[in-house]
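What follows is the residue order along each chain.
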Amino acid sequence: MKIVIVGPGAMGCLIAAFLSKTKNEICLLDKNKARADYINKNGIKVEGISGNWKAAVSAVSDTSEVKSADAVIICTKSYDTKEAAKSIAGVIKENTLVLTLQNGVGNVEIIVEEVGEERVIGGVSNLGATLLGDGHVRHAGKGETVIGMSHGKTPVLMRDIREAFNKAGLEMRISKDIDSLIWSKLIINVGINALTAITCLNNGRLIEFEGTREILKDAVTEAVKVVKRKRIKLIYDDPLSKVESVCEATATNVSSMLQDVLRQKRTEIDFINGVIVRQGKSIGIATPVNEILVNLVKTIEQSYKVRVG
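Each chain carries its own residue numbering, running from 1 in the direction its sequence is written. Reporting of local features is limited, given that this is a predicted model, to residues whose pLDDT is at least 70; pairs of side-chain atoms are given and counted only at 80 or more, and all residues count toward the totals for whole chains, interfaces and linings. For side-chain calculations, the full set of non-hydrogen atoms in the structure is used, while hydrogens and water are omitted.

Trainee: Sorry, what's going on with the overall build of the protein here?
Mentor: Labels follow the DSSP assignment, with helices taken as runs of H or I lasting at least four residues and strands as runs of E lasting at least two, numbered in each case from the N terminus. Looking only at helices and strands, the protein features 11 helices and 12 strands. Both definitions apply: the radius of gyration is a C-alpha atom measure, and the globule rule equals 2.2 Å times residues to the power 0.38. In summary, the protein has a C-alpha radius of gyration of 19 Å against a globular reference of 19 Å for 309 residues, a match within 12%. Residue burial in the protein is summarised as follows: out of 309 residues, 53% are buried. Put simply, of all contacts in the protein between residues at least 6 apart along the chain, 69% involve residues at least 24 apart. Here, Shrake-Rupley sampling with a 1.4 Å probe gives the accessible areas, and only protein chains in the shown set may cover a residue. Of the roughly 14400 Å² of accessible surface on the protein, a fraction of 48% belongs to carbon and sulfur atoms. Note on classification: 1.4 Å probe, protein chains only; a residue is buried when its accessible area is under 20% of the maximum for its type, exposed when over 50%, partly exposed between these limits. Note on contacts: a residue pair qualifies if any of its non-hydrogen atoms lie within 4.5 Å across the two residues.

Structure follows, in structure tokens:
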């Protein structure tokens, strides 16, 4: 099976490195030619809980060098999803499937617009990864990856993708209710990501301070109201307890949004807390805490060049 991974960030590099251990043909697609050339020459360096090791991975910046793929895995930031989906047009063949392993809600819909619903697989991953440099990633946490199609079908090729991940040492399973899983992960990200980006705290610290714990509670409560009104079923009975338990389980983790802020990069706030704000407005539910979090993170983004210190 030929697998193209779009996006050389933390998740893209980690998955590419692990899948390179299998007999499948792996190619990393990067819009930055210089970076692609660097990775193609030097491979991907991994450190962390899986040890210190290096993987030789083919990397390209032009899909003409790929020709076609059996599966495409999109690991870009959510705000780059449309561009990523357009960029893979040249590698799509009759039975190609496209899997998104991105943060937030809305990526599946964006990709569907470009390649068609019958090709798109949604996914959520609890893998922990931190990008340390070009082609250099820290494997920060093990975790299950779950994939599935919104219509519940399970093509043979999707089972092959699952098999490739499991053989590579990345736990993966297929769900027939992937939408519930995507929204359930969104609730967790709503409670954690923006707060860590604003406070520069590790995940676990959020529940150690009364102020952040209260804001986390309010943000999650608003999100749950929106989800209930939309009649989306969550995979856990007590969302707030679940978010707090994730904070504890990933206590030392630096969230992806905090990583973005520390690097003075654009965040995915529009695809996380921003989703709750937009959906709340559309169905008449007030989401003031999430709106404040969105505005604060956007202010941080816009003020990188003028901030003190």
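Still more ground to cover, so stick around.
Trainee: Explanation requested: helix α1 (residues 10–19) in the structure shown.
Mentor: The periodicity of an α-helix, 3.6 residues per turn, causes residues three or four positions apart to be oriented the same way. Most of α1 sits inside the fold, with 10 of its 10 residues counted as buried. Turning to α1, its buried residues number three or more, namely A10, M11, G12, C13, L14, I15, A16, A17, F18 and L19.

Trainee: Would you mind showing me how to read the nonpolar core here?
Mentor: Buried together is how nonpolar side chains tend to be arranged in soluble globular proteins. Counting residues in each nonpolar core, the largest one holds 62 residues, and the members touching the most others are V72, I88 and I187. In this view, V72 contacts V4, V6, I88, V91, T96, L97, V98 and L99; residues no more than four positions away in its chain are not counted. What is meant by a nonpolar core is a set of buried Ala, Val, Leu, Ile, Met, Phe, Trp, Tyr and Cys residues, joined one to another through side-chain atoms within 4.5 Å. Within the second largest apolar cluster, 42 residues are counted, among which are I5, A17, W53 and A55.

Trainee: Just checking my understanding: could you explain the sheet that holds strand β4 (residues 53–55) for this structure?
Mentor: Sheets are built from strands paired through backbone hydrogen bonds, the pairs being either parallel or antiparallel. Note on pairing: DSSP must find at least two bridges between two strands before they are called paired. The strand order across the open sheet built from four strands is β4-β3-β10-β9, with neighbouring strands paired in mixed fashion. Edge positions in the open sheet fall to β4 and β9 (128–133), since each of these has one partner strand only. The average undirected angle you get between the axes of adjacent strands in this sheet is 30°. Two elements, strand β3 (residues 44–48) and strand β10 (residues 136–141), share four bridges in a ladder whose sense is parallel. Paired with K45 across the bridge in β10 is H136. Lying on the sheet, α1 is in contact with β3, β4, β9 and β10; it crosses β9 at an angle near 100°. Helix axes are fitted to C-alpha atoms over the stretch in contact, other axes to C-alpha atoms as well, and angles between N-to-C directions run from 0 to 180 degrees.

Trainee: How should I be thinking about the pairing of strand β2 (residues 25–29) in this particular structure?
Mentor: Each regular strand carries side chains that alternate between the two faces of the sheet. Of all five residues in β2, four are buried; the element is thus mostly enclosed. Summarising the sheet, strand β1 (residues 2–6) and β2 pair through five bridges and their orientation is parallel. From the neighbouring strand, I5 faces β2, where its bridge partner is L28. In the classification by handedness, the crossover that spans β1, the intervening α1 and the parallel β2 is right-handed. When β2 meets strand β5 (residues 58–60), the two strands line up parallel, connected through three bridges. Among the inter-strand pairings, C27 is bridged to a residue of β5, identified as S58. Seen with the strands pointing away from the viewer, any crossover whose path from the first strand over the helix to the second strand runs clockwise is right-handed.

Trainee: Looking at this structure, I do not really get the packing of aromatic side chains. What am I missing?
Mentor: Pairs of aromatic rings are described using the distance from one ring centre to the other and the angle between the two planes. Within 6.5 Å between ring centres, the rings of Phe, Tyr and Trp (the latter by its six-membered ring) count as paired, and their orientation is classed by plane angle as stacked under 30 degrees, edge-to-face over 60, tilted in between. All chains considered together, the criterion is met by one aromatic pair. Centroid distance F18 to W53: 5.1 Å. Interplanar angle 85°. Geometry classified as edge-to-face. Placement of the pair is F18 in helix α1 and W53 in strand β4, with a sequence separation of 35 residues. When sorted by exposure, F18 lands in the same class as W53, which is buried. A ring is considered to have a charge above it if a Lys NZ or an Arg CZ atom is located within 6 Å of its centre and within 35 degrees of its normal. The lysine or arginine in question, K21, covers the ring of W53, its NZ or CZ lying 4.2 Å from the ring centre.

Trainee: Can you help me understand the sheet that holds strand β6 (residues 71–74) in this one?
Mentor: Taken together, eight strands build an open sheet; the order of strands is β5-β2-β1-β6-β7-β8-β11-β12 and the sheet is mixed. Each edge of the open sheet carries a strand with a single partner, namely β5 and β12 (172–174). Between one strand axis and the next, the sheet turns by 25° as a mean value, whatever way the strands run. Examined bridge by bridge, β6 and strand β7 (residues 97–100) share four bridges and lie parallel to one another. Pairing of A71 across the sheet is with L97, part of β7. Where helix α6 (residues 178–199) meets the sheet, it contacts β8 (120–125) and β11 (145–148), and its direction lies at approximately 40° from that of β8.

Without other data, these values stay purely geometric and don't point to any function.
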